[in-house]
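Each chain, written out:
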Amino acid sequence: MTTLISKPEQQDREVHRVLLGKKQILVTEDEPLLPQLERAGVQVEYQCREGYCSSCMIKLLWGKVSYPVEPLAWVNSGYMLTCCAIVKSDIEIAML
């Protein structure tokens, strides 16, 4: 299993594991998941980065995320928008 830390300078803050297949990425609650995935080398489709278009929607297999501002795009149950979701626990995701 590969473990990547998306922001090493923030290791003293609360860190959660994101499982994507056999890859494990450590993320914080300081910013949305999308930029943290990008820094870890995971390419996610996106357009607006603000919750309007749902291009960045991925499957949330388990775990908790929150939205500081409710996205305008419809988010189906069991899915999440990476551009505006804040990871609140260890999670497992799957690309669409």
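Let me sum up the structure you'll find in this document. Because the structure is a prediction, the values reported are computed rather than measured. (Residues numbered from 1 in each chain as written. Predicted model: local features only at pLDDT ≥ 70, side-chain atom pairs only at ≥ 80, totals over all residues. Heavy atoms only, no water.)

### Notes on the environment of Pro71
Here is the rule we go by: Helix and strand assignments come from DSSP, with helices taken as H or I runs of at least 4 residues and strands as E runs of at least 2, each series counted from the N terminus. A 1.4 Å probe rolled over the protein chains alone gives each residue an accessible area, and that area as a share of the maximum for its type sets the label: buried under 20%, exposed over 50%, partly exposed in between. When checking whether two residues touch, look at their non-hydrogen atoms; a contact exists if any pair is within 4.5 Å.
Summarising the element assignment, Pro71 is placed in the loop between β5 (65–66) and β6 (79–81). Classification of Pro71 as buried rests on a relative accessible area of 11%. Spatially, the C-alpha atoms of Pro71 and Ser54 are 8.9 Å apart, while their sequence positions differ by 17 residues. Sequence-distant contacts of Pro71, that is, excluding residues within four places in its chain, are made with Gly51, Leu81 and Cys84.

### What about the nonpolar core?
For clarity, the threshold we go by: Put simply, buried Ala, Val, Leu, Ile, Met, Phe, Trp, Tyr and Cys residues joined by side-chain atoms within 4.5 Å make one nonpolar core.
Among the nonpolar cores identified, the biggest contains 23 residues, and Val18, Ile25, Leu33, Leu37, Met80, Ile91 and Ile93 are the most heavily contacted of them. Secondary structure elements with two or more residues in this core: β2 (15–20), β3 (23–28), α1 (33–39), β4 (57–62), β6 and β8 (91–94). When neighbours within four sequence positions are excluded, Val18 is seen to be in contact with Lys23, Gln24, Ile25, Val27, Leu33, Val87, Ile91 and Ile93.

### Some words on the pattern of salt bridges
Selection criterion: The salt bridge criterion pairs a side-chain nitrogen of Lys or Arg with a carboxyl oxygen of Asp or Glu, the two atoms within 4 Å.
If you walk through the whole model with that rule in mind, you get five salt bridges. Salt-bridge contacts for Glu29 lead to Lys88; the nearest nitrogen and oxygen are separated by 3.0 Å. Separated by 59 residues along the polypeptide, Glu29 in the loop between β3 and α1 and Lys88 in the loop between β7 (86–87) and β8 bring together distant segments of the chain. Taking the shortest distance from any N to any O, the salt bridge between Arg49 and Glu38 comes out at 2.5 Å. Of the two residues, Arg49 sits in the loop between α1 and β4 while Glu38 sits in helix α1, which places them 11 residues apart along the sequence. The class of Glu38 is partly exposed, set by a relative accessible area of 29%.

### Concerning the packing of aromatic side chains
Heads up, the rule is: The pairing test for Phe, Tyr and Trp rings, Trp by its six-membered ring, is centres within 6.5 Å, and the orientation test on the planes gives stacked under 30 degrees, edge-to-face over 60, and tilted for anything in between. Remark: a charge is flagged as sitting over a ring if the NZ atom of Lys or the CZ atom of Arg is within 6 Å of the ring centre and within 35 degrees of the ring normal.
Tallied over the entire structure, the rule returns zero aromatic pairs. Arg49 extends its terminal NZ or CZ atom over the ring of Tyr46, reaching a point 4.1 Å from the ring centre. Above the plane of the ring of Tyr79 lies Lys59, whose end atom (NZ or CZ) is 4.7 Å from the centre.

### Section: the pairing of β8
Test applied: Should DSSP find at least two bridges between two strands, the strands are taken to pair.
Judged by which residues are buried, β8 turns out to be one-sided: Ile91 and Ile93 face inward and are buried, whereas Glu92 and Ala94, on the alternate face, are not. Where β2 lies against β8, three bridges are found, and the strand directions are parallel. Bridge pairing in β8 links Leu19 to Glu92. Pairing of β4 with β8 involves three bridges; the strand directions are antiparallel. Counterpart to Lys59 in the pairing with β8 is Ala94.

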